[in-house]
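# Structure assessment
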Amino acid sequence: MHALSDNRIWVTGASSGIGQALAVALAKRGNTVIASGRNETRLQETRALCPNHIHCLPFDVASRQENKEAAHWIKREIGGLDIAVLNAGTCEYINVHAFDAEIVRRVMEINYFSLVYGVEAVLPMLRNANHPYLVGMSSTVAYTGLPRAEAYGSSKAAIRHFLQALRIDLAREKIAVSIICPGFVKTPLTDKNDFAMPFCISSDMAAAYIIRGMRKRKHEIAFPLRFMLLILTIANLPSRLRNRILVDTLTRHPDNQQRGKN
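What counts, and where the lines are drawn
Residues numbered from 1 in each chain as written. Predicted model: local features only at pLDDT ≥ 70, side-chain atom pairs only at ≥ 80, totals over all residues. Heavy atoms only, no water. Helix = DSSP H or I, 4+ residues; strand = E, 2+ residues; numbered from the N terminus. Rg over C-alpha atoms; globule rule 2.2 N^0.38 Å. Buried < 20%, exposed > 50% of the residue type's maximum accessible area, 1.4 Å probe, protein only. Contact = heavy atoms within 4.5 Å. Areas by Shrake-Rupley, 256 points an atom, 1.4 Å probe, with all protein chains shown as cover. Lys, Arg positive; Asp, Glu negative; His and termini not counted. Charge placed at Lys NZ, Arg CZ, Asp CG, Glu CD. Pairing = 2+ DSSP bridges. Right-handed = clockwise from strand over helix to strand, strands pointing away. Axes fitted to C-alpha atoms, helices over the stretch in contact; angles between N-to-C directions. Salt bridge = Lys/Arg side-chain N within 4 Å of Asp/Glu carboxyl O. pLDDT = per-residue confidence, 0-100.

Turning next to the overall build of the protein chain. A tally of regular secondary structure across the protein chain gives 9 helices and 9 strands. In terms of C-alpha radius of gyration, the protein chain reaches 19 Å, essentially the compact-globule figure of 18 Å for 262 residues. Each of the three principal axes of the protein chain carries a C-alpha extent, and together these read 60 × 35 × 30 Å. Here the protein chain holds 262 residues, and 48% of them are scored as buried. Counted over contacts in the protein chain with a minimum sequence separation of 6, partners at least 24 positions apart contribute 65%. Carbon and sulfur atoms make up 51% of the accessible area of the protein chain, which totals about 13,300 Å². Both charge centroids of the protein chain, one from 33 positive and one from 22 negative side chains, sit 8 Å from each other.

Quick look at the structure:
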């Protein structure tokens, strides 16, 4: 178990939701937290929850150059980095009746490539840390294809695969890598969902799960258990049965019921 205190930790996507809850929880454990996001006003709200331990660093995670500039700021102002939690992301769902490839490109850019840019930016600093640790945000949707998740699910599956491969390549350098795979968490992002979210938990509870997993440096920090069991059960069903269950789920969605009447 790692104490998870007195570290320099960068948390992206810290202006709301899981990122904000995690940044505050880590700061309250005595860590120096650099909270990043695009909205400086919201970042200041995050900082106000633990002002002595949180620094605000606003920038656009989807920009490779801005990731590098943010890392340079951390090295100059904080002196380096021990832990990076690359959490920033978005979610958009696909309407297959009006398929728009731009949605896929946009979600991949924000979710997947922003994490890749972040890894590129932080690795030089992590290599100089005593106990370096890299944490990335994926999702339980990465375990199997789900209705309307062609963009979001693909980005999260790409993140999971990327970090699994990276863990192997960084093992000799003793840089630990964890993948966070949450189920439904109540955030401003999921508040927009127009479907039931089974076993939904609060952002604070999600942060507690993540910190528990980070202390153990678990390869995969997946939660909550009941939702994980549900997703893994579906993912491991024979393909025809899994497809039938998910098609039935999709056809019950109000938008698709309405389209069937047209």
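After that view, the rundown keeps rolling.
This part is about the pairing of strand E1 (residues 8-11). By the bridge criterion, 4 bridges tie E1 to strand E2 (residues 32-37) in an arrangement that is parallel. Each residue of the ladder has a partner; that of tryptophan 10, found in E2, is isoleucine 34. Between the parallel pair E1 and E2, the chain is carried across by helix H1 (residues 17-28), and the sense of this crossover is right-handed. Relative to strand E4 (residues 83-86), E1 runs parallel, the two being bridged by 3 bridges. When the sheet's bridge partners are listed, valine 11 is paired in E4 with valine 85.

Here we come to the sheet that holds strand E5 (residues 133-137). Pairing in this open sheet of 7 strands is parallel, and the strands run E3-E2-E1-E4-E5-E6-E9 from one edge to the other. Looking at which strands have only one partner, the edges of the open sheet turn out to be strand E3 (54-58) and strand E9 (220-223). Averaged over all neighbouring strand pairs, the angle between strand axes comes to 15°, with direction disregarded. Note that E2 and E3 share 5 bridges and pair parallel.

Moving on to the pattern of salt bridges. Any two side chains of opposite charge can pair, so long as their charged atoms come close to each other. Here the structure, examined in full by the defined rule, presents 8 salt bridges. Linking arginine 106 and glutamate 92 is a salt bridge whose minimum nitrogen-to-oxygen distance equals 2.7 Å. Taken together, the positions of arginine 106 in helix H4 (residues 101-126) and glutamate 92 in the loop between E4 and H4 put the pair 14 residues apart, joining distant regions of the chain. The partly exposed category is assigned to arginine 106, whose relative accessible area is 28%.

Another aspect to go through is the confidence of the model for the protein chain. Detailed reading of the predicted model is not advised wherever pLDDT is low. For the protein chain, the average pLDDT comes to 92, and 95% of its residues sit at 70 or higher. Every residue in residues 256-262 scores below 50 in pLDDT, and together they form 7 contacts with partners more than four places removed in sequence or on other chains.

Burial analysis of E2 places 5 of its 6 residues in the buried class, which makes it a mostly covered element. After leaving E2, the chain enters helix H2 (residues 40-48) and then returns to the sheet as E3, a path that is right-handed.

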